[in-house]
Amino acid sequence: MTFDYQAELNPEQYEAVSSIEGPVLIIAGAGSGKTRVITFRMSYMLDSGIPQSQILALTFTNKAAKEMSERVKQLTGKKLQMLTVSTFHAFGVKILREDINRLGWRENFSIYDDVDRNQLIKETGRDLGFTAEALDVYKIGTLISQVKTGMKHWGDGANDQYKQLYEEYQSGLKLYNAVDFDDLIILPLKLFREHPDVLAKYKDRYKYIMVDEFQDTSLQQYQFMHSLADRNVCVVGDDDQSIYSWRGANYENLVMFEKDFPGLKEIKLEQNYRSTGTILAAANGVIKNNTNRKEKALWSGNGSGKPIEIYIPENESTEADFVAESIQGIRMEEKRSYADFGVLIRSNTLSRAIEEAFLEQNIPYVMSGGTSFFQRKEIKDVISYLRVIANPDDDINLLRIINTPRRGIGRKTIEDISAVANAQHCSLWTAMNALVAAADTPISEKTRVDLELFINFVTEHRSTMLSGKDLSAKVKKMVDEIDYWSYLVQEYQKSEKAARYKFLNIDSLINSISTWEKDPDNFKKSLYDYLNRITLISRDDMEDDEDKGKVNLMTIHASKGLEFPIVFIIGCEEGIIPHARSLEEGEGNVEEERRLFYVAITRARDKLFISSCQRRRKMGGVMECTPSPFLQEIPENLVEYHEPAEPLETEDALDVLAKMKARFIM
Ligand SMILES: Nc1ncnc2c1ncn2[C@@H]1O[C@H](COP(=O)(O)OP(=O)(O)OP(=O)(O)O)[C@@H](O)[C@H]1O
Ligand SMILES: [Mg+2]
């Protein structure tokens, strides 16, 4: 043994860490050391001589996976190139790259993000003659995902008009050699079911499996894990933190686990090491209002700490100023780093005012879970080039770049290419090559030359980028070659500043590729590896080493599993949390919103601020707001009311204020 595990862990945690053989289930409250148990358990296994390659740990966000493997590295002091600590999705990609050919895709498949997926839905819908009104891509996207993951079925009426679209969408993906996010779990599962030899290979490889945040596994993820696992499987989770039921996560997985793994060892962790007694009591006060839960006795040995501060600001900019000023103040007073602060929001739209205040006051911050860097147009354009170079059959990305920047391939030509592709049931790339090569080609000589130039461009970059090193230099060369800068200048004639800003973004992209290449821990450096990585990163967060030393602004969903000494939960208004949609959908959904609020509270270690605006700008107008009913569930004795600069006006705010004052005085 390299160190004393028993000194670092309480007896229950130690029991979980040292029970390596046989199934283990840990359902315990926030901050009780579940994730710590998983990391120590990996270290313990390595110390006991289990090879890295036999261990698989799965979690939900890239950030969590990264933190976990860093932790194990610290504990063991070893290089961990063979240890698999991954998100479910990234692990799905790994399997598919190895074996997707068994399902009829080629291994250089593209992964479509939501933007690509919506584009494919739109195009498929148009081909099928849907009107613009019937083609609500968001709604259809959700439906497709629900059907794919088995949450909805055709034949139950309302949605059957989209059945054909769904089928065309599925065959479109295959035709373009692409998969969507749901496929990253569904296709590996299909592989396991239809190809026992493939399953046997992975079962043979991974002998010890762990899952963090088990409460948020979807049915498919559960089945995926279940098919891989024999007996040595350890899952940890907290039913009170289940926040993905809309995505099919299902806490009945806990019940299933108990049934599927008889003789399991169930371990309870009851001490919270993260938060002060006050914060924990507030969290408990809120969550106990949910009916459908396992009762827990969570206690904190950290002392009661500071009261929870509630603030009812005039509007979102007063709120943002308050957050920014408090951060500056506490940072100076308590000698904190910016990274000690977490600002949590229920939805992306709440970030704007905060970001503006941060920019104004020069507070460095990083936003995760929001509109990602990778969704920006200029970044998407460059990435689309890379995707086409990696997989020229990827029609969606090919269409995105074929005439951006303009190279004389107009609508008419694209229609001609599409006609051939449809007739021969092949990709646009194949069709394009056929058109250029055909003796009796229907396209003009000029078009033929333009297409040929494009084909040569892709082919040449394929030959250089798919092999060898220096991807960043090659990408830079490609960006120069397409003269993207001139394109930006033309597109943004009115604002050179905007054009420059976009070009700087491309620069940061190239820099980040270079950082990635230099990372000694990552020994896979092909274009495919890079594209895999960014597709997965852009889904939940975009973390890199430059983010250290910055305030963390993030959605509550993205904050799962993380902790910060000081936390602000902003926008705690009725309609935001609980979200308006959940109020329409009934009590079950309100309980899910309460769990979200519980997750938010339990991220804090030392100090928690909660704010609820009196008014908020929304859809062009100004709306009067009511504080979230969850605020009333926080026990009175834990709260301190923060005096606003402006007098309160709206009735509800006054009402709350009166109550808070009453509490404060008593
Ligand atoms: N035995 C212990 N001794 C000292 N610190 C501990 C111990 N157990 C846990 N901690 C600390 O408590 C904090 C919370 O632990 P951890 O993040 O593992 O909890 P968790 O149960 O995974 O929380 P969540 O439910 O939010 O995911 C961490 O800072 C961790 O290092
Ligand atoms: Mg955790």
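About the thresholds
- Sequence positions are assigned chain by chain, starting from 1 and proceeding in written order.
- Think of it this way: whatever chain is written first is A, whatever ligand is written first is 1, and the rest follow in order.
- Where totals are concerned, whole chains, interfaces and linings use all residues; where local detail is concerned, this predicted model gives features only for residues with pLDDT of at least 70, and gives and counts side-chain atom pairs only at 80 or more.
- Side-chain numbers come from the whole structure's heavy atoms, not from hydrogens or water.
- UniProt positions are given in the numbering used here, feature names are shortened, and annotations may be inferred rather than shown by experiment.
- Between any two strands, at least two bridges found by DSSP are needed for them to pair.
- In this text, helices come from DSSP runs of H or I with a minimum length of four residues, and strands from runs of E with a minimum of two, each type numbered from the N-terminal end.
- Axis geometry follows a simple rule: fit a line to the C-alpha atoms, using only the stretch in contact for helices, then measure angles between N-to-C directions, giving values from 0 to 180 degrees.
- Here, residues are in contact when the closest pair of their heavy atoms is within 4.5 Å.
- Here, nonpolar core refers to any group of buried Ala, Val, Leu, Ile, Met, Phe, Trp, Tyr and Cys residues whose side-chain atoms link them within 4.5 Å.
- The rule is simple: take the accessible area with a 1.4 Å probe, protein chains only, and divide by the maximum for that residue type; under 20% is buried, over 50% is exposed, in between is partly exposed.

The protein appears in an unreviewed UniProt entry as DNA 3'-5' helicase from Teretinema zuelzerae. The record held by UniProt for the protein lists under Sequence similarities (unreviewed entry) the comment "Belongs to the helicase family. UvrD subfamily."

**Q** I'd like a rundown of the sheet that holds strand E16 (residues 604-611), residues and numbers included.
**A** Read from one edge of the open sheet, seven strands run E13-E14-E12-E15-E16-E11-E19, paired in parallel fashion. Among the strands making up the open sheet, the edge pair consists of strand E13 (365-368) and strand E19 (639-642). Adjacent strand axes in the sheet meet at a mean angle of 20 degrees when their direction is disregarded. Across three bridges, the pairing between strand E11 (residues 308-311) and E16 is parallel. Note on E16: the bridge partner recorded for Ile310 is Ile610.

**Q** Explain the side chain of His195 residue by residue, including any values.
**A** Within the secondary structure, His195 sits in the loop between helix H9 (183-194) and helix H10 (196-205). With residues near it in sequence (within four places) discarded, His195 still touches Arg102, Leu103 and Lys190.

**Q** An account of the nonpolar core is needed here, citing residue identities and associated values.
**A** Ranked by internal contacts, the top residues of the largest apolar core, which has 48 residues, are Met432, Phe454, Val475, Met478 and Tyr530. Top contributing element to this core by residue count: helix H16 (residues 377-390), with eight residues. Setting aside its immediate chain neighbours within four residues, Met478 contacts Val382, Tyr385, Leu386, Ile389, Phe457, His461 and Met465. Judged by nonpolar contacts, the second largest core, of 42 residues, contains Leu187, Phe192, Val233 and Val235.

**Q** Explain the sheet that holds strand E7 (residues 233-237) to me, and be specific about the residues and the numbers.
**A** Pairing is parallel across the open sheet formed by six strands, whose spatial order is E3-E2-E6-E7-E1-E8. On the outer flanks of this sheet lie strand E3 (84-87) and strand E8 (265-267), each paired with one strand and no other. Taking each pair of neighbouring strands and ignoring which way they run, the sheet shows an average axis angle of 15 degrees. With four bridges joining them, strand E2 (residues 55-59) and strand E6 (residues 208-211) adopt parallel strand pairing. In the sheet register, Leu58 faces E6, and the bridge partner there is Val211. Contacting strand E1 (24-27), E2, E3, E6 and E7, helix H3 (residues 34-47) crosses the sheet at an angle of about 165 degrees to E6.

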